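In case you want the letters, here they are:
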Amino acid sequence: MSTETLEQKNEEVVQKPAEGLLSKRRKRLISDPLNEDNPITVQVLGICSALAVTVKMEPTLIMSIAVVFVIVFSNLIISLLRNLIPNRVRIIVQLAVIATLVTLVSEVLKAYNYEMYKILGAFVGLIITNCIVMGRLEAFAMGNKPYDSVLDGLGSGFGYAWIILTVAFFRELFGSGSIFDFKIFEAVGISNFPTNGLMVDSIGAFMVLGILIWVQRSKTGYVEH
């Protein structure tokens with residue numbers, strides 16, 4: 001084949017444009033876990049912390065930030081190393097990465113907010129075995145590029161965060177009559193508002209979470225198969 005023919009064929013090849021940083025597909029990596037593929041209400045993962053730490057808004061917010069940090073950076077690290085990790089030890093490597101990040105979060109919390117560390121210390125440690133984090137590493141980060149893995153981590157982290165923050169909002173409001181320890185009902189002149197002791201117990205978390213799952217699945221039309 002002549003050189004001219006090869007040059008003509010090369011000219012005829014149409015190069016595909018590079019995918020945008022926030023293309024439609026990449027936007028869905030963030031938006032889907034917020035609603036249609038939420039890790040708690042749809043995939044039913046991370047339920048333990050959703051029940052355990054949601055009595056008050058402040059510890060719930062800190063737990064949310066910790067999970068977002070761990071899942072985003074563990075996704076990034078595993079994606080960067082995905083071609084170097086032997087298949088037979090991939091779970092061990094994933095756990096090692098998560099444990100390192102969780103230890104970092106725990107030490108920072110201990111150094112700068114010791115009172116909150118005493119409340120959340122055990123639950124922060126349990127992020128290591130959080131099914132949401134492990135699931136995204138195994139299902140996504142091991143097979144996708146770093147940028148996409150970061151977006152996936154952000155989506156899953158925020159999807160987890162808004163659910164537990166919503167649960168904590170209603171539990172603290174009706175269980176303690178406050179939000180971030182600010183007495184809401186006293187501020188609006190209702191000093192004798194009867195708080196519900198059920199909301200400060202785990203059964204209150206079950207009830208609020210169950211209502212959230214029902215409302216969301218009714219809205220999206222999701223049916224369990």
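Because the structure is predicted, anything quoted here is derived from the model rather than measured.

Q: Tell me what's going on with a nonpolar patch on the surface, and back it up with residues and numbers.
A: A surface patch of nonpolar side chains, amounting to about 350 Å² of accessible area, comprises L198, I203, F206 and M207. Turning to its location among the elements, L198 is positioned in the loop between α9 (184-187) and α10 (202-220). Residue classification places L198 among the partly exposed residues on the basis of a relative accessible area of 38%.

Q: Any details on the UniProt feature "transmembrane region" (unreviewed entry) in the protein chain? Residues and values, ideally.
A: Following the UniProt record, the feature "transmembrane region" (unreviewed entry) maps to residues 61-85, 91-112, 119-137, 157-174 and 195-215 here. For the annotated span residues 61-85, helix accounts for 84% and strand for 0% of the residues, and the straight-line distance between the end C-alpha atoms is 34 Å.

Q: Give me the lowdown on helix α8 (residues 146-176), citing residues and values where you can.
A: Over its 31 residues, α8 extends 43 Å from the first C-alpha to the last, a length consistent with the 45 Å expected when each residue adds 1.5 Å. Counting buried residues along α8, 22 of its 31 residues qualify, which places the element largely inside the surrounding structure. Looking at the residues trailing α8, positive phi occurs at G177, about 70 degrees.

Q: Which residues make up the nonpolar core, and what values do they have?
A: If you look at the biggest cluster of nonpolar residues, it comprises 39 residues, and the most contacted ones within it are V70, V124, I127 and L209. Mapped onto this core, the elements with two or more residues apiece are α3 (47-52), α4 (57-81), α5 (90-112), α6 (114-125), α7 (131-139), α8 and α10. The biggest single contributor to this core is α4, with eight residues. When near neighbours in sequence (up to four residues on either side) are disregarded, V124 contacts M63, V102, V105, S106 and L109. In terms of nonpolar packing, the next biggest core, distinct from the first, is built from five residues, A168, L173, I179 and F185 among them.

Q: I'd like a description of the packing of aromatic side chains, backed by residues and values.
A: Taken as a whole and judged by the stated rule, the model has four aromatic pairs. Consider the rings of F69 and F73, whose centres lie 4.9 Å apart with planes at 45 degrees: the pair is tilted. Taken together, the residues span about one helical turn, with F69 and F73 both in helix α4 at a distance of four residues. Aromatic side chains F169 and F170 sit 5.2 Å apart centroid to centroid with 90 degrees between the ring planes, which places their arrangement in the edge-to-face category. Judged by its relative accessible area of 34%, F170 is partly exposed.

Conventions we followed
Residues numbered from 1 in each chain as written. Predicted model: local features only at pLDDT ≥ 70, side-chain atom pairs only at ≥ 80, totals over all residues. Heavy atoms only, no water. Patch = residues over 30% accessible without salt bridge, like charges linked within 9 Å, V, L, I, M, F, W, Y side chains within 5 Å. Areas by Shrake-Rupley, 256 points an atom, 1.4 Å probe, with all protein chains shown as cover. Salt bridge = Lys/Arg side-chain N within 4 Å of Asp/Glu carboxyl O. Helix = DSSP H or I, 4+ residues; strand = E, 2+ residues; numbered from the N terminus. Buried < 20%, exposed > 50% of the residue type's maximum accessible area, 1.4 Å probe, protein only. UniProt positions renumbered as here; feature names shortened; annotations may be inferred. Expected span 1.5 Å × (residues − 1). Core = buried A, V, L, I, M, F, W, Y, C linked by side-chain atoms within 4.5 Å. Contact = heavy atoms within 4.5 Å. Phe/Tyr/Trp six-rings, centres within 6.5 Å; stacked < 30°, edge-to-face > 60°.

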